[in-house]
Amino acid sequence: MDVRVASLAERPDRLERVLGMADTWPEFVVNDPVGNAHYGRIPTELPEYALFAEDERGEVVAHAYSVPFALAAEGRGSLPARGWDEVLLWAFADLRRGTRPDTVGAISVVVAPHAQGRGLSAVLLKAMRDNARAHGFREVVAPVRPSAKHLEPRTPMTQYAYRVRADGLPQDPWLRVHARAGAVVDSVAPASMTVAAALAEWRRWTGLPFDTEGDIEVPGALTPVRCEPGRGYAVYVEPNVWMRHPL
């Protein structure tokens, strides 16, 4: 698929189309409270880090968000266990305080359902790397959500993340795209995203009864969701894989 990639800073007229693009996220994922508070700020407050791809008809078929932050700031220095959530919090705290960033965090690459399977995720990942380099950064770090991990929700991420094929590339398809782009696995972020909600919400999101105490396997979840019927809530703590992209 031939596409044109631009940022919303360059093409602010495409904001509505980017925001309106369909995606395939499981509903519980988009109810992470940190994401609810900050993810939607990227296109308007950091438009130079909100990239999108248009096809030959001018339809937005993919977008990629990233955020600059100060990894070397006091009290930081290493990639956080709270992964995706923490990077969003750090980035917008730095923006508010005027702290100079030194690193770019990859937040998402999203491809429209009808355009999947055509290599657009690799195109947008490369564009994200190029964009970070153009802004003077020397590294992109990514709390990666492995695309096939949901098929093995009870396999520890500390095992899954380091599986490789005979050619030495990661077994997981999305980790492999990052590796082909030049990234290396750094570590596991064991609590990259946390979604805690009432059982009624989980039933609405998943269509499952959520009436049994213990770990519940949910379609699209990378690990089981902990259900506590006696307390009326369930908690999902998602691990991601930190990958570092030197530029």
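Nothing here was measured: the structure is a model prediction, and the numbers come from that model. (Residues numbered from 1 in each chain as written. Predicted model: local features only at pLDDT ≥ 70, side-chain atom pairs only at ≥ 80, totals over all residues. Heavy atoms only, no water.)

## Concerning the layout of surface pockets
Working step 1: Considering only enclosed or pocket space, the largest pocket measures out at about 1200 Å³ in volume.
Working step 2: Taken together, 49 residues line the largest pocket, and the ones lying closest to its centre are Trp25, Ser108, Val109, Val110 and Arg145.
Working step 3: Listing elements by their share of the lining of the largest pocket, those giving two or more residues are helix H1 (15-20), helix H2 (33-38), strand S3 (60-69), strand S4 (103-111), helix H5 (120-134), strand S5 (139-144), helix H7 (173-180) and strand S9 (233-246).
Working step 4: Here the lining of the largest pocket gets six residues from one element, more than from any other, and that element is S4. (1 Å grid on protein atoms, 1.4 Å probe; cavity = no way out; pocket = protein on both sides within 12 Å on 5 of 7 lines; lining within 4 Å. Points joined across faces, edges and corners; volume = space filled by probe spheres on them. Helix = DSSP H or I, 4+ residues; strand = E, 2+ residues; numbered from the N terminus.)

## Points about the side chain of Arg129
Working step 1: Relative to the assigned elements, Arg129 resides in helix H5.
Working step 2: One buried charged side chain, Arg129, makes no salt bridge at all; its nearest oppositely charged neighbour is Asp130, positioned 5.6 Å away.
Working step 3: Polar side-chain contacts of Arg129 include one of 3.0 Å to the side chain of His245.
Working step 4: Setting aside residues up to four positions removed in sequence, Arg129 forms contacts with Val140, Ala181, Gly182, His245, Pro246 and Leu247. (Buried < 20%, exposed > 50% of the residue type's maximum accessible area, 1.4 Å probe, protein only. Lys, Arg positive; Asp, Glu negative; His and termini not counted. Salt bridge = Lys/Arg side-chain N within 4 Å of Asp/Glu carboxyl O. Polar contact = N/O pair within 3.5 Å; in protein donor to acceptor, adjacent residues only side chain to side chain. Contact = heavy atoms within 4.5 Å.)

## Here we look at the environment of Asp85
Working step 1: Take Asp85: it is sitting in helix H4 (residues 83-97).
Working step 2: The exposure class of Asp85 is buried, given its relative accessible area of 2%.
Working step 3: Residues Asp85 and Ile107, spaced 22 residues apart in sequence, show a C-alpha to C-alpha distance of 9.5 Å.
Working step 4: Once you skip the residues sitting within four places of it in the chain, Asp85 turns out to touch Asp32, Val34, Ser192, Met193 and Thr194.

## Considering H7
Working step 1: Within H7 the residues assigned to the buried category are Trp174, Leu175, Arg176, His178 and Ala179.
Working step 2: Where H7 is buried, its residues contact S4, H5, S5 and S9.
Working step 3: One side-chain oxygen at the N-terminal end of H7 lies 3.0 Å from the backbone nitrogen of Trp174; it belongs to Asp172.
Working step 4: Following H7 by one or two positions, Gly182 adopts a phi angle in the positive range, close to 115°.

## Quick word on the side chain of Thr103
Working step 1: Its place among the elements puts Thr103 in strand S4.
Working step 2: Classification of Thr103 as buried rests on a relative accessible area of 4%.
Working step 3: A polar atom in the side chain of Thr103 sits 2.7 Å from the side chain of Asp102.
Working step 4: Non-local contacts of Thr103, meaning those with residues more than four positions away in its chain, are made with Val67, Pro68, Phe69, Leu71, Phe137, Glu139 and Val141.

## Section: the nonpolar core
Working step 1: With 74 residues, the main nonpolar core has Phe28, Ile42, Ile107, Trp202, Phe210 and Tyr236 as its most contacted residues.
Working step 2: The element that contributes the greatest number of residues to this core is S3, accounting for seven residues. (Core = buried A, V, L, I, M, F, W, Y, C linked by side-chain atoms within 4.5 Å.)

## Notes on the pairing of S5
Working step 1: Extensive coverage of S5 is indicated by the burial of six of its six residues.
Working step 2: Alternating residues of S5 divide into Glu139, Val141 and Pro143 and Val140, Ala142 and Val144, and every residue in both groups is buried.
Working step 3: Bridge count for S4 against S5 is two bridges, and the pairing is parallel. Opposite Val104, over in S5, you have Val140 as the bridge partner.
Working step 4: Note on the crossover from S4 through H5 to S5: the handedness is right-handed.
Working step 5: Sheet topology places S5 next to S9; six bridges connect them, and they run antiparallel. Looking across to S9, one finds that Ala142 is bridged to Met243. (Pairing = 2+ DSSP bridges. Right-handed = clockwise from strand over helix to strand, strands pointing away.)

## Some remarks on H4
Helical geometry note: an α-helix holds 3.6 residues per turn, so side chains three or four residues apart project in the same direction.
Working step 1: With 15 residues, H4 extends 21 Å from end C-alpha to end C-alpha; this agrees with the ideal 21 Å at 1.5 Å per step.
Working step 2: Among the 15 residues of H4, eleven are classified as buried, and the element is accordingly described as predominantly covered.
Working step 3: If you check which residues of H4 are buried, you get Gly83, Trp84, Asp85, Glu86, Val87, Leu88, Trp90, Ala91, Phe92, Ala93 and Asp94.
Working step 4: Positive backbone phi, approximately 75°, marks Gly98, located one or two places after H4. (Expected span 1.5 Å × (residues − 1).)

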